[in-house]
Amino acid sequence: MGLLDFLSSIRERADKFLNEKNVVTDFLGKVEDKTGIKKKILAAGAVSLTGLYLVYGYGASLICNLIGFVYPAYYSIKAIESTNKEDDTKWLTYWVVYGVFSLGEFFSDIFLYWFPFYYAFKCLFLLWCMAPITWNGSQVIYNKVVRPVFLRHEATVDNMVNNLSGKAMDAAENLTREVLSTLMKNKVLVTPTPPVAQLEPKSLPSSSPEKSPSKVGPSPPSEQQPPFLG
């Protein structure tokens, strides 16, 4: 497929999208009714302004990431809901390539940020990866780069993943065991002791105790004096 075929396929895809019933076409239809400008011209103007913004505008990274995410995410959901599995493979391939590209961009972004028109080229690259053509970018990159590397190192990666999963499970079990043992120790330390029965206070003996009547002995009889006789 040559360049003319690619442009014609893009045009057909755009015409099909503009004839569909969705939020974008509804908005363009309202603008067309008020201004009299056709939807195709409005769409072309919006695309041109977006391209200029990617070159000279502030926040071009956000716009570029939205272009590379929103459209594929929308059609990925439609692919999941459809019974055809061919489109599922297509969009899964796109997301694999998108993830590999994002990972490489993360480590080289400090250098690519200063590259002139970087986000414009990135946007074109993502559009190529999602384009409805036979030499789709994601298919080409996956078959030429990602798949051969994956098949070459598949066994090594599987062993590494299994080892990491086993170590993660062991670490989780050890951590759980330590947490439970710590909780049991803390429970033993904070266990309340049973209350001690309080003894009734004993009254101390008084310093000047009064004698009770029962203990008081009989008083000795008084001596009677004999009567005085004159």
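The structure we're discussing is the one just above.
Residues numbered from 1 in each chain as written. Predicted model: local features only at pLDDT ≥ 70, side-chain atom pairs only at ≥ 80, totals over all residues. Heavy atoms only, no water.

Chemist: Teacher, can you tell me more about the environment of Leu124 here?
Modeler: In this structure, Leu124 sits in helix α6 (residues 118–130). Along the primary structure Leu124 and Gly68 are separated by 56 residues, whereas in three dimensions their C-alpha atoms are 9.6 Å apart. (Helix = DSSP H or I, 4+ residues; strand = E, 2+ residues; numbered from the N terminus.)

Chemist: Explanation requested: the packing of aromatic side chains in the structure shown.
Modeler: Any pair of aromatic rings gets described here by the distance separating the centres and the angle formed by the planes. Counted according to the given criterion, the structure contains 13 aromatic pairs. Ring plane angle 65° and centroid distance 5.8 Å describe the contact between Phe69 and Trp95, whose orientation is recorded as edge-to-face. Taken together, the residues Phe69 in helix α4 (residues 60–81) and Trp95 in helix α5 (residues 86–112) connect sequence positions 26 residues apart. Here Phe69 falls in the partly exposed class, since its relative accessible area comes to 44%. Since its relative accessible area comes to 25%, Trp95 is described here as partly exposed. In textbook terms, an aromatic cluster arises when at least three aromatic residues are bridged by ring pairs, as seen for Phe69, Tyr71, Tyr74, Tyr75, Trp91, Tyr94, Trp95 and Tyr98. (Phe/Tyr/Trp six-rings, centres within 6.5 Å; stacked < 30°, edge-to-face > 60°. Buried < 20%, exposed > 50% of the residue type's maximum accessible area, 1.4 Å probe, protein only.)

Chemist: Quick question: what am I supposed to make of the packing of α5 against helix α7 (residues 137–152) here?
Modeler: The axes of two packed helices give the description: the angle between them and the distance between them. Contact pair α5 / α7: the axes reach a minimum separation of 9 Å and the direction vectors enclose 65°. Remark: the crossing between α5 and α7 carries left-handed chirality. Of the residues in α7, those touching α5 at Lys90, Thr93, Tyr94, Val96, Val97 and Val100 are Ser138, Gln139, Ile141, Tyr142 and Val146. Residue composition of the contact of α5 with α7, by class: seven nonpolar, three polar and one charged. (Axes fitted to C-alpha atoms, helices over the stretch in contact; angles between N-to-C directions. Left-handed = near helix turned anticlockwise from the far one by under 90°. Contact = heavy atoms within 4.5 Å. Nonpolar A, V, L, I, M, F, W, Y, C, P; charged D, E, K, R; others polar.)

Chemist: Just checking my understanding: could you explain α6 for this structure?
Modeler: In an α-helix, one full turn covers 3.6 residues, which means residues spaced three or four apart are oriented alike. End to end, α6 covers 19 Å across 13 residues, agreeing with the expected 18 Å (1.5 Å per residue, within 8%). Among the residues making up α6, those that are buried are Tyr118, Tyr119, Ala120, Lys122, Cys123, Leu126, Cys129 and Met130. Turning to α6, the residues buried within the fold contact α3 (39–56), α4, α5 and α7. (Expected span 1.5 Å × (residues − 1).)

Chemist: Would you mind showing me how to read the pattern of salt bridges here?
Modeler: When the charged atoms of two side chains with opposite charge come close together, those side chains can pair. All told, the structure shown has one salt bridge when counted by the stated rule. For Lys122, the salt bridge is made with Glu105, and the minimal N-O distance between the two is 2.9 Å. Here the residue Lys122 occupies a position in helix α6, and Glu105 occupies one in helix α5, the gap between them amounting to 17 residues. Residue class for Glu105 comes out buried when judged on its relative accessible area of 12%. (Salt bridge = Lys/Arg side-chain N within 4 Å of Asp/Glu carboxyl O.)

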